[in-house]
Amino acid sequence: MKFGPVPLEEAEGAILAHSTVAGQARFRKARLLSAEDVAVLRDAGFKEIIVATLAPDDVEENEAATRIAAALRFSGIEARPAATGRVNLHATRTGIFAVDKPLVDAINLVDPDITLATMPAFAPMVEGQMVATIKIIPFAVPEATLQKVLALAATREAFAMHAYRPMRVGVVQTVLPSIKASVLDKTLRVTEERLSRTGSTVSGEIRTPHAAPEVAQAIRDLAGDSDMVLVFGASAMSDPDEDVIPAAIQSSGGTVFRSGMPVDPGNLFVLGERDGKPVLGAPGCARSARLNGFDWVLDRIVSGIGVTKEDIAGMGVGGLLMEIPTRPQPREPAPAPAAGTVTAVVLAAGRSSRMGGPNKLMALFDGKPLVRRTVERALASRAKSVIVVTGHQSERVKAALDGLPVAFADNPAFAEGLSTSLKAGIGALPAAAAGALVVLGDMPGVSAADLDRLIEAFHKSGDRAVVRAAHEGKRGNPVLLPKTLFEAVTHLEGDTGARHLVENGGVEVLDIDIGAGAAIDVDTREALEIAGGVLQD
């Protein structure tokens, strides 16, 4: 492939290297230039243009990505159509993602022009979520290079989604005078919730004294009607062989494979089995709904992947999940958390298709364009800065915001849906941003004070929670996303927002009632007029 500027008369049949505006025409990157295109460029005054010209043995980017996707072996996953040299692969079932890292690494070592990126191994995913992407960096790759990748792809399964297989789970809880019944009740409730996301249920519970013989009998009693037994000890495990839980598993006729795991929280975990059924000693942190090493093991077992003592030993890298500030003797003093900055991202790229022509963002409210009114309220809030995402009639939107201290993020793919605007806005955030306050441009009832309430709640959460505007118990907008979800936004596609990320991202969600403004947008002429707006041509 040859890349670089060529005289305009030689450009027909070549691939446009960069998006180009020629008079009233806009040509997108990767366009195959026709004779008509060349004429338009010539009329606009172009003498030369930067293009890529394919050699006879080159394979065009979309074809190359499609062929790799077809050669890869996977299950529970589907490949979407190629675009811009990329094929995205999405889960067709909810469960655990497994990946052959050595194979993926080998493919990525063939040539930097061909890339394969995936979600982490054993990540819990939901149906429809993107798990991997194939990207061809240049506009084409040589056939010989492509053949090397295809040969590797055909050797063995690269990745798979392992669907959850709901299980009946027996729960044993030991009791000491120092442990309250309310703690045991909460533990059972949290366990039921933890199991429910995989479709599993608690088949029965037995509470016993904190002694090996009684625990062993409880394990035997529950095992007959359960696929797995969980044991919560009233006191933390101190000895990996003789303490109550490992001793009880062995006394029940089972086997202990490993006591302790290199995951924190989750160190004091016991992996055992009786009559082919898992018997797990839960660490104390499993009484909380927060992520810990216990979740990793449960996910693998319920998805049918299974866990061995070698698997447990291999969890150390990446196993430091969090420091627990409530430990009586924290290993390091925890500094007082400092509130990070929040950037408001105003989405103003839509086509107002339900208006039948006019751009609703130009509608006048008290003599002012709606988009300007929205942005001024974002500027008046506690947000550190404001980014406006533009697309449809971008120059007109920018003109309506003339003089305001905002940054713009252009979204040329606005017609493909809301996700493209979210990605453009998140991609333009400053590195220091701890949160992104996503504000829809067409919500006239949201005030600067409303935005401040969301920001205040976000800072009170330690800059960790999703904060969502609500009204009378119903979720609405705006939504404040923490930095931990920024990367996940880049995987969104189509006309979808961040709802599934909010609901399945494993992050605390705080709903803040800001009044009716959270539910008022102006998608139709009637809604706009009721809200007090006047449409402009």
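Just so we're clear, the structure is a prediction, and the values are computed from it rather than from any experiment. (Residues numbered from 1 in each chain as written. Predicted model: local features only at pLDDT ≥ 70, side-chain atom pairs only at ≥ 80, totals over all residues. Heavy atoms only, no water.)

Engineer: How do you make sense of the pairing of strand E27 (residues 433-440) when you look at a structure like this?
Structural biologist: In regular strands, side chains alternate between the two faces of the sheet. Of all the eight residues making up E27, eight are buried; the element is thus mostly covered by neighbouring parts of the structure. The sheet contact formed by strand E22 (residues 341-348) and E27 spans seven bridges and is parallel. Bridge pairing in E27 links valine 345 to valine 438. Pairing between E27 and strand E29 (residues 474-482): four bridges, direction antiparallel. Bridge assignment links valine 438 to a residue of E29, and that residue is valine 479. (Buried < 20%, exposed > 50% of the residue type's maximum accessible area, 1.4 Å probe, protein only. Helix = DSSP H or I, 4+ residues; strand = E, 2+ residues; numbered from the N terminus. Pairing = 2+ DSSP bridges.)

Engineer: Got a minute to help me understand the packing of aromatic side chains in this structure?
Structural biologist: The full count for this structure, using the stated rule, is four aromatic pairs. With 5.9 Å between their ring centres and 35 degrees between their planes, phenylalanine 97 and phenylalanine 159 make a pair best called tilted. Of this pair, phenylalanine 97 sits in strand E10 (residues 95-99) while phenylalanine 159 sits in strand E15 (residues 157-163), and the two are 62 residues apart along the sequence. Using a relative accessible area of 0% as the deciding quantity, one classes phenylalanine 97 as buried. (Phe/Tyr/Trp six-rings, centres within 6.5 Å; stacked < 30°, edge-to-face > 60°.)

Engineer: Before we go on, may I ask you to explain unusual backbone geometry in this structure?
Structural biologist: Where the residue is not glycine, phi is negative for most of them; where a peptide bond is considered, it is trans in most cases. The omega angle of the peptide bond from aspartate 264 to proline 265 is 5 degrees, so this bond is cis rather than trans. If you trace the backbone, proline 265 turns up in the loop between strand E19 (255-259) and strand E20 (270-274). The peptide bond linking asparagine 477 to proline 478 adopts the cis configuration, its omega dihedral lying at 5 degrees. With respect to the helices and strands, the residue proline 478 is situated in strand E29. Even without glycine at this site, threonine 84 takes up a positive phi of about 50 degrees. Within the secondary structure layout, threonine 84 lies in the loop between strand E8 (77-79) and strand E9 (86-91). Even without being glycine, aspartate 366 reaches a positive phi, approximately 55 degrees. By the element assignment, aspartate 366 lies in the loop between strand E23 (364-365) and strand E24 (368-369).

Engineer: Just checking my understanding: could you explain the sheet that holds strand E11 (residues 114-118) for this structure?
Structural biologist: Strands pair in a sheet through their backbones, by hydrogen bonds, and they do so in one of two ways: parallel or antiparallel. Within the open sheet, the four strands sit side by side as E8-E9-E13-E11. Their pairing is antiparallel. In the strand order of this sheet, the two ends are held by E8 and E11, each with one partner. Going from strand to strand, the sheet's axes swing by 15 degrees on average, the running direction of each strand aside. For E8 and E9, the ladder comprises three bridges, and the chain directions are antiparallel. Along E9, the bridge assignment pairs glutamate 78 with histidine 90. (Axes fitted to C-alpha atoms, helices over the stretch in contact; angles between N-to-C directions.)

Engineer: Looking at this structure, how should I read the sheet that holds E15?
Structural biologist: Spatially, E7-E15-E10-E12 is the arrangement adopted by the four strands of the open sheet, whose pairing is mixed. Looking at the sheet topology across the chains shown, the edges are occupied by strand E7 (73-75) and strand E12 (123-125). Sheet twist, expressed as the mean angle between neighbouring strand axes with direction ignored, is 20 degrees. Bridge count for E10 against E12 is three bridges, and the pairing is antiparallel. For glycine 95, the partnering residue across the bridge sits in E12 and is methionine 125.

Engineer: Would you mind going over the pattern of salt bridges with me for this structure?
Structural biologist: Two side chains with opposite charge may pair up if their charged atoms get near one another. Here the structure, examined in full by the defined rule, presents 19 salt bridges. Between aspartate 105 and lysine 101 there is a salt bridge, with the nearest N and O atoms lying 2.7 Å from each other. Taken together, the residues aspartate 105 and lysine 101, both in helix H3 (residues 101-110) and four residues apart, mark about one turn of the helix. A salt bridge links aspartate 225 to arginine 168; the nearest nitrogen and oxygen atoms lie 2.8 Å apart. Here the residue aspartate 225 occupies a position in the loop between helix H6 (212-223) and strand E18 (228-232), and arginine 168 occupies one in strand E16 (residues 168-175), the gap between them amounting to 57 residues. The partly exposed category is assigned to aspartate 225, whose relative accessible area is 47%. With relative accessibility at 36%, the residue arginine 168 sits in the partly exposed group. (Salt bridge = Lys/Arg side-chain N within 4 Å of Asp/Glu carboxyl O.)

Engineer: What's the story with the packing of H3 against helix H4 (residues 143-153) in this structure? I'm lost.
Structural biologist: Two numbers describe a pair of packed helices, the interaxial angle and the distance between the axes. Packing of H3 against H4 leaves a shortest axis separation of 9 Å and a crossing angle of 175 degrees. Classed by the angle they form, the pair H3 and H4 counts as roughly antiparallel. Counted together, Leu103, Ala106, Ile107 and Val110 of H3 and Thr145, Lys148, Val149 and Leu152 of H4 form the full contact between these two elements. Residues of the contact of H3 with H4, tallied by class, amount to six nonpolar, one polar and one charged. (Parallel < 35°, antiparallel > 145°, perpendicular 65-115°, else oblique. Contact = heavy atoms within 4.5 Å. Nonpolar A, V, L, I, M, F, W, Y, C, P; charged D, E, K, R; others polar.)

Engineer: What should I look at first to understand the environment of arginine 287 in this one?
Structural biologist: One can find arginine 287 in the loop between strand E21 (277-282) and helix H8 (293-302). Taking the relative accessible area as the measure of exposure, arginine 287 reaches 15% and is therefore buried. When sequence neighbours within four positions are dropped, the list of residues in contact with arginine 287 reads Gln173, Ile179, Val183, Leu184, Lys186, Thr187, Val190, Phe232, Gly233 and Ala234. Of note is the side chain of arginine 287, whose polar atom sits 3.0 Å from the backbone oxygen of glycine 233. (Polar contact = N/O pair within 3.5 Å; in protein donor to acceptor, adjacent residues only side chain to side chain.)

Engineer: Which parts of the structure should I look at to understand the nonpolar core?
Structural biologist: One recurring pattern in soluble globular proteins: nonpolar side chains tend to sit buried together. The biggest cluster of nonpolar side chains holds 57 residues, and the ones touching the most others in it are Val371, Val375, Val386, Val388, Leu429, Leu437 and Leu481. Counting residues per element, this core draws most heavily on E27, which supplies seven residues. Filtering out sequence-adjacent residues up to four positions away, valine 375 remains in contact with Val346, Val386, Val388, Leu401, Leu404 and Val406. Residues Ile77, Ala123, Ile134 and Leu150 belong to the second largest nonpolar core, which totals 31 residues. (Core = buried A, V, L, I, M, F, W, Y, C linked by side-chain atoms within 4.5 Å.)

Engineer: Quick question: what am I supposed to make of the environment of leucine 535 here?
Structural biologist: Following the sequence through the fold, leucine 535 ends up in the segment after helix H16 (525-530). Each C-alpha atom, one on leucine 535 and one on arginine 525, is 7.9 Å from the other, the two residues being ten residues apart in sequence.

Engineer: What am I meant to see in H4 here?
Structural biologist: Every α-helical turn comprises 3.6 residues, leaving residues that sit three or four positions apart pointing alike. Taken together, the buried positions of H4 are occupied by Thr145, Leu146, Val149, Leu150 and Ala153. All buried residues of H4 project into a common sector of 135 degrees when viewed along the axis, lining one side. More than 90 degrees from the buried face of H4, the exposed residues found are Ala144 and Lys148. Looking at the packing, one finds that the buried side of H4 touches strand E6 (58-60), helix H2 (61-71), E7, H3, E11 and strand E14 (140-142). (Arc of directions from axis to C-beta.)

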